[in-house]
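Topology and contacts: notes
Single-letter residue listing:
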Amino acid sequence: MKEIKKYVDANKQRFIDELLELLSIPSVSADPAYKNDVAKTAEWVKKSLLTAGADKAEVMPTKGHPIVFAEKIVDKKLPTVLVYGHYDVQPPDPIDLWTSPPFKPVIKDGKIFARGACDDKGQMYMHVKAFELLMKQGKLPCNVKFLIEGEEEVGSEHLGDFVKKNKKKLEADIILISDTDIIANDIPSISVGLRGLSYVQVEVTGPNRDLHSGVYGGAVPNPINILCDMISSLKDKDGRITIPGFYKDVVKVSNKDRKELAKAPFSLKEYKKDLDIKDVVGEKGYTTSERASIRPTLDVNGIWGGYTGEGSKTVIASKAYAKISMRLVPNQTPEKAVAMFTKHFQKIAPSSVKVKVIPFHGGDALVLNTKSAGYSAASRAMETTFGKKPIPTRGGGSIPIVALFKKELGLDSVLFGFGLNSDNIHSPNEHYGIFNYLKGIETIALFHHYFAEKA
């Protein structure tokens with residue numbers, strides 16, 4: 001441990017400078033305007049892996065953005081760790097809410113502010129530096145492979161095909177992923193469960209063109225008003241989703257497991273203060289922590305239609321749109337959720353409008369194996385570096401590829417994240433603590449040692 005920490009301390013500034021360079025490349029996968037920057041980032045990651053000591057690294061094309069694969073095979077008899085991460089980032093919008101340019105990273109109060117700082121460039125790059133550390137010290141105790149993709153933020157659309165076609169290349173004993181968070185810097189934790197995701201866009205059409213609200217107002221259907229009414233009806237007064245059959249497959253968490261999860265420290269007062277809200281909302285009968293982790297949800301992620309420019313324009317829009325996500329729990333499937341949503345949404349639409357539902361990406365929920373050698377190694381490594389045994393937690397977000405890896409490769413994953421809930425991922429002013437970045441490098445290096453001992 002002392003040698004690991006000594007190396008990190010000696011190379012601290014270089015590690016930070018390299019991450020700042022990576023964060024300055026705007027690898028926004030959702031926007032075609034950034035296609036060249038996404039490709040540039042893939043090449044940057046490839047080069048960094050070769051410099052760190054990989055035997056080989058390659059940028060492998062897909063029908064979308066490329067995947068970076070690299071490996072260092074010490075001895076085929078040794079266990080192999082497959083590191084997954086992603087180099088693409090969310091769009092930076094709304095730009096005007098950033099206190100500094102999203103792709104000109106700055107350090108303030110011990111934190112690196114930039115789009116992708118925590119999700120996932122900072123966390124992904126910890127693995128590259130931990131690998132470098134072990135290589136430079138001549139103490140890499142296992143084989144290591146890297147699978148770093150460029151489409152996670154748009155649903156990993158082409159990763160499934162890549163995995164199916166490259167099963168031999170991806171053979172390993174465990175998958176290590178840093179794309180989650182810990183409770184606090186003095187309360188380490190490991191995510192042992194994730195919710196699934198089902199995402200749709202809805203379109204409501206009224207008249208065949210935009211109309212003057214004075215001439216036609218009160219006589220023709222207003223798609224925006226109707227869409228708002230329809231969305232409002234998707235939840236009842238107790239916060240439950242009203243889609244028929246939605247809860248049929250939901251696996252209820254036992255009281256015993258709820259008590260275990262409740263051991264994670266949580267202050268409702270601090271939670272509300274951090275978000276600057278007066279009160280919380282959600283499904284009746286569950287705590288705030290449970291609502292955000294072990295229960296399904298339905299949320300509007302965006303809504304638009306009509307005139308939204310400066311000044312006024314008295315118009316009844318022809319169309320209204322919304323993007324809606326459903327977070328799912330074990331036993332629910334995105335395909336079934338979309339089918340139920342579509343049937344219900346079309347049924348509740350008045351005859352005066354036409355409704356279209358467009359499915360986007362999705363993924364299954366899962367609960368991870370806490371008895372595995374991988375989880376044990378991660379827990380031991382984190383206890384060593386943080387001085388406390390990590391608490392197992394359930395995450396509210398979704399990483400669909402974890403279920404994909406289990407299905408296609410038969411491998412368990414360890415969700416070894418070091419971010420914080422307050423890091424503003426997907427929001428303006430995303431940031432990542434330098435403490436978390438460097439502590440992650442130390443802990444990941446130890447993980448490889450402990451996993452090699454147990455596997």
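Remember, it's a predicted structure, so these values are computed and weren't measured experimentally.

Quick notes on the packing of helix α11 (residues 373–386) against helix α13 (residues 434–454)
Closest axis-to-axis distance for the α11/α13 pair is 8 Å, and the angle between their directions is 135 degrees. The angle between α11 and α13 falls in the class oblique. For the element pair α11 and α13, the recorded crossing hand is right-handed. Listed contacts from α13 to Ala-373, Gly-374, Ser-376, Ala-377, Ala-378, Arg-380, Ala-381, Met-382, Thr-384, Thr-385 and Phe-386 of α11 are Phe-435, Lys-439, Glu-442, Thr-443, Leu-446, Phe-447, Tyr-450, Phe-451, Glu-453 and Lys-454. Class assignment of the residues belonging to the contact of α11 with α13 gives a composition of 11 nonpolar, 5 polar and 5 charged.

What about the pairing of strand β2 (residues 67–72)?
Counting buried residues in β2 gives 6 out of 6 residues, a clear majority hidden from the surface. The alternating pattern of β2 places Ile-67, Phe-69 and Glu-71 and Val-68, Ala-70 and Lys-72 on opposite faces, both of which are buried. Looking at chain direction, strand β1 (residues 56–60) and β2 are connected through 5 bridges and run antiparallel. Across the sheet, Ala-57 pairs through a bridge with Ala-70, a residue of β2. Here β1 folds back onto β2 in antiparallel fashion, the turn holding 6 residues. By the bridge criterion, 5 bridges tie β2 to strand β6 (residues 143–149) in an arrangement that is antiparallel. Considered in β6, the bridge of Lys-72 is made with Val-144.

So, the environment of Ile-324
Along the polypeptide, Ile-324 turns up in strand β13 (residues 319–328). Since its relative accessible area comes to 0%, Ile-324 is described here as buried. Sequence separation between Ile-324 and Asn-301 is 23 residues; the distance between their C-alpha atoms is 5.5 Å. Sequence-distant contacts of Ile-324, that is, excluding residues within four places in its chain, are made with Ser-198, Tyr-199, Val-200, Val-202, Ile-231, Leu-298, Asp-299, Val-300, Asn-301 and Phe-341.

A closer look at the pattern of salt bridges
By the definition in use, this model includes 21 salt bridges. Glu-71 is paired through a salt bridge with Lys-56; the nearest N and O atoms lie 3.8 Å apart. Of this pair, Glu-71 sits in strand β2 while Lys-56 is found in strand β1, placing the two residues 15 residues apart along the sequence. Each of the salt bridges in this network shares a partner with another, and the network as a whole consists of Arg-14, Glu-18, Lys-129 and Glu-132.

Concerning a nonpolar patch on the surface
There is a patch of nonpolar side chains on the surface, built from Phe-266, Leu-268, Tyr-271, Leu-275 and Ile-277 and spanning about 410 Å² of accessible area. Residue placement: Phe-266 occurs in the loop between α7 (255–261) and α8 (268–275).

Examining the side chain of Ser-178
Along the chain, Ser-178 falls in the loop between β7 (174–177) and β8 (189–194). A distance of 2.7 Å separates the side chain of Ser-178 from the side chain of His-127, its partner in a polar contact. At a separation of 2.6 Å, a polar atom in the side chain of Ser-178 contacts the main-chain carbonyl oxygen of Phe-416. Once residues lying within four places of it in the same chain are set aside, the contact partners of Ser-178 are Tyr-84, Asp-120, Gln-123, Met-124, Met-126, His-127, Phe-416, Gly-417, Phe-418 and Ile-444.

Let's talk about the packing of helix α2 (residues 35–52) against helix α3 (residues 121–136)
The N-to-C vectors of α2 and α3 enclose an angle of 20 degrees; their axes lie 8 Å apart at closest approach. In terms of axis orientation, α2 runs roughly parallel to α3. Pair α2 / α3 crosses with right-handed handedness. Contact with α2, carried on its side by Thr-41, Trp-44, Val-45, Ser-48, Leu-49 and Ala-52, involves Lys-121, Met-124, Tyr-125, Val-128, Phe-131, Glu-132 and Met-135 of α3 and no other residues of that element. Each residue belonging to the contact of α2 with α3 can be placed in one class, and the counts come to 9 nonpolar, 2 polar and 2 charged.

Points about the packing of aromatic side chains
This structure, assessed with the given rule, holds 14 aromatic pairs. Their ring planes at 15 degrees and their centres at 5.1 Å tell us that Phe-341 and Phe-345 sit as a pair that is stacked. Taken together, the residues Phe-341 and Phe-345, both in helix α10 (residues 334–348) and 4 residues apart, mark about one turn of the helix. Each member of the pair Phe-341 and Phe-345 is classed as buried.

Regarding the sheet that holds strand β18 (residues 431–433)
On the basis of which strands lie adjacent, the open sheet formed by 3 strands has the order β4-β5-β18 and antiparallel pairing. In the strand order of this sheet, the two ends are held by β4 (106–108) and β18, each with one partner. Sheet twist, expressed as the average angle between the axes of neighbouring strands with direction ignored, equals 30 degrees. Where strand β5 (residues 111–113) meets β18, 3 bridges bridge the pair, whose relative direction is antiparallel. If you follow Lys-111 over to β18, its bridge partner there is Gly-433. Its contacts with the sheet place α13 against β4, β5 and β18, and it is angled at close to 60 degrees to β18.

Points about the nonpolar core
Note that soluble globular proteins tend to have their nonpolar side chains buried in a common cluster. Counting 66 residues, the largest nonpolar core has Val-45, Phe-416, Tyr-437, Ile-441 and Phe-447 as the members making the most contacts within it. Not counting chain neighbours up to four residues away, the residues in contact with Tyr-437 comprise Phe-15, Ile-16, Leu-19, Gly-122, Tyr-125, Met-126, Lys-129 and Tyr-432. Counting 29 residues, the second largest nonpolar core, distinct from the first, contains Val-204, Ile-324, Phe-345 and Val-357.

Cut-off values and rules
Residues numbered from 1 in each chain as written. Predicted model: local features only at pLDDT ≥ 70, side-chain atom pairs only at ≥ 80, totals over all residues. Heavy atoms only, no water. Axes fitted to C-alpha atoms, helices over the stretch in contact; angles between N-to-C directions. Helix = DSSP H or I, 4+ residues; strand = E, 2+ residues; numbered from the N terminus. Parallel < 35°, antiparallel > 145°, perpendicular 65-115°, else oblique. Left-handed = near helix turned anticlockwise from the far one by under 90°. Contact = heavy atoms within 4.5 Å. Nonpolar A, V, L, I, M, F, W, Y, C, P; charged D, E, K, R; others polar. Buried < 20%, exposed > 50% of the residue type's maximum accessible area, 1.4 Å probe, protein only. Pairing = 2+ DSSP bridges. Salt bridge = Lys/Arg side-chain N within 4 Å of Asp/Glu carboxyl O. Patch = residues over 30% accessible without salt bridge, like charges linked within 9 Å, V, L, I, M, F, W, Y side chains within 5 Å. Areas by Shrake-Rupley, 256 points an atom, 1.4 Å probe, with all protein chains shown as cover. Polar contact = N/O pair within 3.5 Å; in protein donor to acceptor, adjacent residues only side chain to side chain. Phe/Tyr/Trp six-rings, centres within 6.5 Å; stacked < 30°, edge-to-face > 60°. Core = buried A, V, L, I, M, F, W, Y, C linked by side-chain atoms within 4.5 Å.

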